[in-house]
Amino acid sequence: MMQLTLKIFITLFTLLLIPVHAHAAGETELTPAMVNPGHEEQPEWFKVSFLDLYEDIAEAADENKRLMIYFFQDGCPYCKKLLEDNFGQREITDKTRKYFDVVTLNIWGDREVTVGDKVMKEKEFAAALKVQYTPTLIFFNENNKAVYRANGYYPPEKFDVVLDYVGQKKEGEISFQDYLAQLAPQPASGKLHTGVSSVSSIDNLNAALEPGKYLLVIFGQKQCATCDELHLDILQRPESRELLKRMNVAVVDLWSEQAIVTPDGSKQKIYDWAKKLDINYAPGLVYFNDQGEEVFRSDAYLKAFHVQSVMDYVTTGAYLEQPNFQRYIDTRADHLREQGIEVNLMD
């Protein structure tokens, strides 16, 4: 097993904090039975691991594979979707098994995980990596570095692209953003939705910062059915509209060559800024405080309740008190139910 010095360990954690992505209207319709699916049996071909991650990486490399870590939790409908709709397809299963060893970790689990000379429980490891969504998938190369991180569920066609990108080791040749752009776009309206934008101009987002108020920047694109769903459905709901009023909102095209002043005061093209922020997927919702510092983001497929919960999590400052978004969601859902408000996580 490869030994890990403290310096490398810290570097690993830094590299693992790689954000990512989203999905499309109609692609992931969930049945009512999936609201709380409980425990889901995982595929028998997932690796039986002693959770010595560097050893797992080395063993995968010996077979010309890479390691995929899958963070899950029981009762997660998005995890159920991943197991049934993604790994339920023979082509995706065969490709995953060809390129990866898959090791699962429960974000609330107590099993011990070893990373070099460091040992911690699953839940401690998940917290250290700031895992906020399930499923979260982290892909490692042969040098023990995380080369891609997917925070949240990807529908099969996009998940398949990630498998090729990481499995064929393309990260050294091209960014995922550019790699995805080479593929045929999904059916969509072909329109960049700017109706929720409340800033007078996107030319200077630093000027859009306001004391005590957060700035939400929505990175979208014209060929994006998921963006259509976000703007035409989720953000049009009454609760969403009320939450949007708490923030200044700007919508930008992540492929745009337009030069703007970003929240931190630097001037750069939107496309370059998106790459710098590692926005690989649309829509990407990034929240900034009044100092122009990113405080949270959601760039995976989320239904309305979760999108609204992120807005509330940020604008109430709850993220400063409760660093675990999953626990915040549970508390918020319980609080709403106590008020007699029906909570449907997958509506």
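These figures come from a predicted structure and were not determined experimentally.

Visitor: Can you walk me through the packing of helix α11 (residues 304-315) against helix α13 (residues 325-338) in this structure?
Guide: Any two packed helices are characterised by how steeply their axes cross, that is the angle between the axes, and by the distance between the axes. Where α11 contacts α13, the axes come no closer than 10 Å and their chain directions differ by 105 degrees. Between α11 and α13, the interaxial angle falls into the category roughly perpendicular. Residues F305, H306, Q308, S309, V310, D312 and Y313 of α11 form the contact with α13, whose own contacting residues are F325, Y328, I329, R332, A333 and L336. For the contact of α11 with α13, the residue count by class is eight nonpolar, three polar and two charged.

Visitor: So what exactly am I meant to see when it comes to the environment of I69 here?
Guide: Residue position: I69 is located in strand β1 (residues 66-72). The class of I69 is buried, set by a relative accessible area of 1%. Spatially, the C-alpha atoms of I69 and T104 are 5.8 Å apart, while their sequence positions differ by 35 residues. When residues no more than four places from it in sequence are discounted, the contact partners of I69 are L53, V103, L105, T136, L137, I138 and F140.

Visitor: Any chance you could explain the sheet that holds strand β8 (residues 247-253) here in plain terms?
Guide: Within a sheet, each strand pairs with its neighbour through backbone hydrogen bonds, oriented either parallel or antiparallel. Strand order in the open sheet made by the four strands is β8-β7-β11-β12, with mixed pairing throughout. At either end of the open sheet lies a strand with only one pairing partner, and these are β8 and β12 (294-298). When strand polarity is set aside, the average angle formed by the axes of neighbouring strands in this sheet is 20 degrees. The pairing of strand β11 (residues 284-288) with β12 spans four bridges and is classified as antiparallel. Across the sheet, L285 pairs through a bridge with S298, a residue of β12.

Visitor: Help me out: how do you make sense of the sheet that holds strand β6 (residues 146-151) in this one?
Guide: Read from one edge of the open sheet, four strands run β2-β1-β5-β6, paired in mixed fashion. Since the sheet does not close on itself, it has two edges, and those belong to β2 (100-106) and β6, each with one partner. Strand-to-strand, the axes of this sheet are offset by a mean angle of 15 degrees, without reference to chain direction. Pairing analysis gives five bridges linking β1 to strand β5 (residues 136-140), with the strands arranged antiparallel. Among the inter-strand pairings, F71 is bridged to a residue of β5, identified as T136. Lying on the sheet, helix α2 (residues 53-62) is in contact with β1, β2 and β5; it crosses β1 at an angle near 135 degrees. Across the face of the sheet, helix α6 (residues 156-167) comes into contact with β1, β2, β5 and β6 while running at roughly 170 degrees to β6.

Visitor: Help me understand the packing of aromatic side chains in this model?
Guide: Any aromatic ring pair is given by two values, namely how distant the centres are and how the planes are angled relative to each other. Tallied over the entire structure, the rule returns 26 aromatic pairs. With 5.6 Å between their ring centres and 85 degrees between their planes, F87 and F159 make a pair best called edge-to-face. In this pair, F87 sits in the loop between α3 (77-86) and α4 (90-99) while F159 sits in helix α6, placing the two residues 72 residues apart along the sequence. Note on accessibility: F87 and F159 belong to one class, buried. Measuring from ring centre to ring centre gives 6.3 Å for Y313 and Y319, while their planes differ by 65 degrees; the resulting arrangement is edge-to-face. Of the two residues examined, Y313 and Y319, each falls in the buried class. A connected cluster of aromatic rings, assembled from ring pairs, spans Y99, F100, F139, Y148, Y165, F176 and Y179.

Visitor: Would you take a moment to explain unusual backbone geometry for this structure?
Guide: For residues other than glycine, phi is negative in most cases, and the peptide bonds are mostly trans. Here the amide bond leading from T134 into P135 is cis, since omega sits at 0 degrees, within 30 degrees of zero. By the secondary structure assignment, P135 is in the loop between α5 (122-128) and β5. Even without glycine at this site, K130 takes up a positive phi of about 55 degrees. For K130, the location among the structural elements is in the loop between α5 and β5. A relative accessible area of 52% places K130 in the exposed class. With a phi close to 60 degrees, K169 is a non-glycine residue in the positive phi region. Tracing the chain through its elements places K169 in the loop between α6 and α7 (176-181).

About the thresholds
- Residues numbered from 1 in each chain as written.
- Predicted model: local features only at pLDDT ≥ 70, side-chain atom pairs only at ≥ 80, totals over all residues.
- Heavy atoms only, no water.
- Axes fitted to C-alpha atoms, helices over the stretch in contact; angles between N-to-C directions.
- Helix = DSSP H or I, 4+ residues; strand = E, 2+ residues; numbered from the N terminus.
- Parallel < 35°, antiparallel > 145°, perpendicular 65-115°, else oblique.
- Contact = heavy atoms within 4.5 Å.
- Nonpolar A, V, L, I, M, F, W, Y, C, P; charged D, E, K, R; others polar.
- Buried < 20%, exposed > 50% of the residue type's maximum accessible area, 1.4 Å probe, protein only.
- Pairing = 2+ DSSP bridges.
- Phe/Tyr/Trp six-rings, centres within 6.5 Å; stacked < 30°, edge-to-face > 60°.

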